[in-house]
Amino acid sequence: MNHIPTLVVAIGLTISTSAWAHAASKRAINLRPDAPQCTMPKAKLPKLGVDIAYDMPKVIKADFNGDGWCDYVLAVPYPLNSKMNSYDLNEMMALGQANGWKPVFNGKKGYEFMDEGFTNEPWPRVRVDLTDIRMVFPEQQGAPFVLGLYAGGSDDGKRDMGNGCQQYETVYRWDDSRGTFKKSDDATRAAVLKYFYSVIENPCSARK
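Residues numbered from 1 in each chain as written. Predicted model: local features only at pLDDT ≥ 70, side-chain atom pairs only at ≥ 80, totals over all residues. Heavy atoms only, no water.

## Description of the pairing of strand 12 (residues 165-168)
Where strand 11 (residues 158-162) lies against strand 12, four bridges are found, and the strand directions are antiparallel. The residue bridging Lys158 from the neighbouring strand is Tyr168, located in strand 12. Two successive antiparallel strands, strand 11 and strand 12, enclose a turn made up of two residues, where Asn163 displays a positive phi of approximately 60°. (Pairing = 2+ DSSP bridges. Helix = DSSP H or I, 4+ residues; strand = E, 2+ residues; numbered from the N terminus.)

Now the structure itself:
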């Protein structure tokens, strides 16, 4: 079996829901300082819909849904003009498993997913840019938090903080029930970004 190490250091955090949602209790999320490895399926890589020669995608092999198997992504930038190709997530990504690969959206096509009433917010379906993401992983097995996913939302991706410095703005996590990413609630988002910029990377305000 081939084991693929992840590229990101993880952190530990405590989310106070009372601070954001006026709840009395606290919800602890323990994240590990060393990113876990995932196992590549022995099957051939899946044939996805991305035009590799034209789009020159970024290849990502990482465990997005937290099952221990490496998933496979051909990441392309968000299309900013008509010369850039636009893809549904199922054309860009497949999930690894013991017997090979399975599609996202729990086997549905992108339009079927949309027809069932699942909008691009908070479940991104089309034009999902994963080219500039970072991930932090829970201490126990589970899906990582994904920073920097961009799907066209006003608060997606990164925010310009001035002087050419940008910071991650959104946090997503895999939703097994829908077979795609789901934008995290405000409390989780605020806590993950706060700790990311206090432990893993300096915020723009601390950079010279």
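## A word on the state of the cysteines
Taken as a whole and assessed by the stated rule, the structure comprises two disulfides. Paired by a disulfide, Cys38 and Cys70 hold their sulfur atoms 2.1 Å apart. The sign of the S-S torsion, about 95°, decides the handedness of the disulfide formed by Cys38 and Cys70: right-handed. Placement of the pair is Cys38 in strand 4 (residues 37-40) and Cys70 in the loop between strand 5 (58-62) and strand 6 (71-75), with a sequence separation of 32 residues. For the pair Cys38 and Cys70, a shared accessibility class is recorded, and that class is buried. (Disulfide = S-S within 2.5 Å. Buried < 20%, exposed > 50% of the residue type's maximum accessible area, 1.4 Å probe, protein only.)

## Description of the confidence of the model for the protein chain
Low-confidence regions, as indicated by low pLDDT, have predicted coordinates that should not be scrutinised in detail. Across the protein chain, pLDDT averages 82, with 79% of residues at or above 70. Helix 1 (residues 17-21) is the least confidently modelled element of the protein chain, averaging 39 in pLDDT, while strand 6 averages 98, the highest of any element. Overall, residues 5-26 carries pLDDT values under 50, and its contacts beyond four positions in sequence, including any with other chains, amount to 54 contacts. (pLDDT = per-residue confidence, 0-100. Contact = heavy atoms within 4.5 Å.)

## Description of the sheet that holds strand 8 (residues 100-103)
Strand-to-strand pairing in sheets goes through backbone hydrogen bonds, with the strands running parallel or antiparallel. Spatial ordering of the open sheet is given by 5-6-7-8, a layout of four strands whose pairing is antiparallel. The open sheet has two edge strands, strand 5 and strand 8, and neither has a second partner. This sheet shows a mean twist of 25° between the axes of neighbouring strands, independent of strand direction. Bridge count for strand 7 (residues 93-97) against strand 8 is four bridges, and the pairing is antiparallel. Bridged to Ala94 within strand 8 is Pro103. (Axes fitted to C-alpha atoms, helices over the stretch in contact; angles between N-to-C directions.)

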